[in-house]
Amino acid sequence: MAEDSELRIHVTGEMIAREILRDLEKEFYGNRCRKLLQFPGGDYYIKKELLSLTLRCRRANTFVEVFGGGGLMCALVPREKFKIIVYNDKSDVLVAFFKTIQKEPERLAVESVLIPSSRKIYNEFTKILRSEEIKDYPDFEKAKIFFYTISHAMFGTVGSGFGMGKKGHRNLHKTYLRKLVFLKEIAKSYLDVIIEDKDFRDIIPLYDRDTTLFYCDPPFLNTRIKRDDYYPVSFTESDFNDLLNLLSSIKGSFILKLSGDHLSYDFINEFVQKCNVLRLEKPLYHHKDVGVSRRSHVLLLV
C-alpha cells in the first residue's frame with residue numbers, strides 16, 4: 001500500500017509539473033531563451049566575433065571547446081562546417097549537466113519546475129556543490145542541483161549570493177522557469193556534441209589534426225572575487241604556460257581568449273606578440289556600482 005501511495009504522489013506531481021510547464025509555455029511564447037547558462041567569463045556578448053573567427057579557419061571541420069564552461073560555442077558553431085564538435089571540461093558537475101541535457105532534458109524540466117525560489121534551497125544546494133559528497137550524486141541529481149543554483153546566483157557564480165530579483169533587476173527565478181520551458185528545444189543544439197572530461201593536456205593531443213580548431217577560454221589568472229567561487233577547477237600560471245606551449249606546437253588551429261590584464265605576465269605577452277590579435281573592449285556585466293557607468297575590460301582573441 002505504501003508503494004502504491006508513493007507512486008500516486010509521484011504521478012500526480014509529474015502531472016502538475018507538466019501542466020505548469022504548458023501554462024508557462026503560453027506565458028513565454030515568443031520570448032525564448034538567449035542562452036542556457038549565465039556563466040562567469042561567458043561568450044554570449046562576443047559570440048559574433050567568435051563565430052566570424054571560426055569561419056576564417058577554412059580547413060577546419062572539427063571544433064573543440066577545450067575549457068567548455070557554459071558550452072555556448074558548441075551550440076552555435078555552424079554544423080555545415082564542423083562535422084565533429086567536442087565539449088570538454090574538467091568539472092564533473094558541468095559534464096554531468098551537459099550529459100543530462102543530451103539524454104533527459106524533459107525529465108530535468110519536469111523535476112525542476114516545482115522547486116520554489118528559495119534562499120534556503122539555494123544555500124543548501126550551494127553547500128552540496130562545494131562539498132566532496134557531490135561526487136557521489138548521480139549525474140541527473142548533479143545536473144538538477146547545479147542548474148538551479150547557477151540560475152539563481154548573482155553573476156552566474158555559485159556562492160556569489162542568492163539573486164533576489166530586487167526592483168530594477170531581473171527576476172532570476174522567472175528566467176530560470178523560461179529556460180525550463182524551452183529546455184527540450186535548447187537541448188537539440190547539443191545532441192551532436194561529444195562530451196569529454198579531460199585535462200587540456202590530454203584533450204588537445206587527442207583531437208589534434210590539421211583540420212581541428214581548438215577554442216581555448218581558460219580560467220582568468222586574476223579575478224575580482226574569491227577564486228574558488230569563480231571557477232570549480234584550479235588553474236595556475238604553470239598550467240597557463242603549459243597551455244601556451246601546447247598551442248605553439250599543434251598541427252591544428254586555435255582561438256585563445258584572454259583578458260587584457262594577462263599581458264602583464266611576461267610569458268603570455270611574449271606568446272601574444274607572435275600571434276594575430278583581435279582586440280575587443282566589453283562592459284563588465286558582472287560588476288555594477290549604483291550611479292556609476294559599468295566599467296569595461298579588454299579581451300584579446302588570439
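Residues numbered from 1 in each chain as written. Predicted model: local features only at pLDDT ≥ 70, side-chain atom pairs only at ≥ 80, totals over all residues. Heavy atoms only, no water.

(A) Examining the overall build of the protein more closely. Regarding its fold elements, the protein presents 13 helices and seven strands. Considering the protein as a whole, with its 302 residues, one finds that 50% of them fall into the buried category. Long-range pairs, those at least 24 residues apart, make up 69% of the contacts in the protein between residues at least 6 apart in sequence. When the accessible surface of the protein is summed, it comes to about 16,200 Å², and 50% of that surface belongs to carbon and sulfur atoms. (Helix = DSSP H or I, 4+ residues; strand = E, 2+ residues; numbered from the N terminus. Buried < 20%, exposed > 50% of the residue type's maximum accessible area, 1.4 Å probe, protein only. Contact = heavy atoms within 4.5 Å. Areas by Shrake-Rupley, 256 points an atom, 1.4 Å probe, with all protein chains shown as cover.)

(B) Up close: the nonpolar core. In this structure, Leu36 and Phe97 are the most contacted members of the largest nonpolar core, which totals 64 residues. In terms of residues, this core owes the most to one element, helix H7 (residues 139–151), which gives seven residues. Contact partners of Leu36, with chain neighbours within four places excluded, come to Phe97, Phe98, Ile101, Phe147, Lys179, Leu183, Ile186 and Tyr190. Grouped together as the second largest cluster of nonpolar side chains are 25 residues, Phe67, Ile203, Phe240 and Leu246 included. (Core = buried A, V, L, I, M, F, W, Y, C linked by side-chain atoms within 4.5 Å.)

(C) Geometry of helix H2 (residues 47–56). Within the sequence span of H2, burial applies to Leu50, Leu53 and Thr54. Angular distribution of buried residues about the axis of H2 spans 100 degrees; they occupy a single face of the element. Summarising the geometry of H2, the exposed residues directed more than 90 degrees from the buried face are Lys48 and Arg56. (Arc of directions from axis to C-beta.)

(D) Seen up close, the pattern of salt bridges. Within this structure, the stated rule accounts for 17 salt bridges. The shortest N-O distance in the salt bridge between Asp199 and Arg201 comes to 3.0 Å. Salt-bridge contacts for Arg201 lead to Asp239; the nearest nitrogen and oxygen are separated by 2.3 Å. Remark: Asp239 occurs in helix H12 (residues 237–247) and Arg201 occurs in helix H10 (residues 200–207); sequence separation between them is 38 residues. Given a relative accessible area of 30%, Arg201 falls into the partly exposed group. Of the residues examined, Asp239 reaches a relative accessible area of 15% and is grouped as buried. Through salt bridges with shared partners, a single ionic network connects Lys90, Asp199, Arg201, Asp239 and Asp242. (Salt bridge = Lys/Arg side-chain N within 4 Å of Asp/Glu carboxyl O.)

(E) Spatial organisation of the side chain of Thr126. As for its position among the elements, Thr126 is in helix H6 (residues 119–130). Within the structure, the side chain of Thr126 is placed 2.8 Å from the backbone oxygen of Tyr122, a separation counted as a polar contact. (Polar contact = N/O pair within 3.5 Å; in protein donor to acceptor, adjacent residues only side chain to side chain.)

Everything listed here is a matter of geometry and, on its own, says nothing about what the molecule does.
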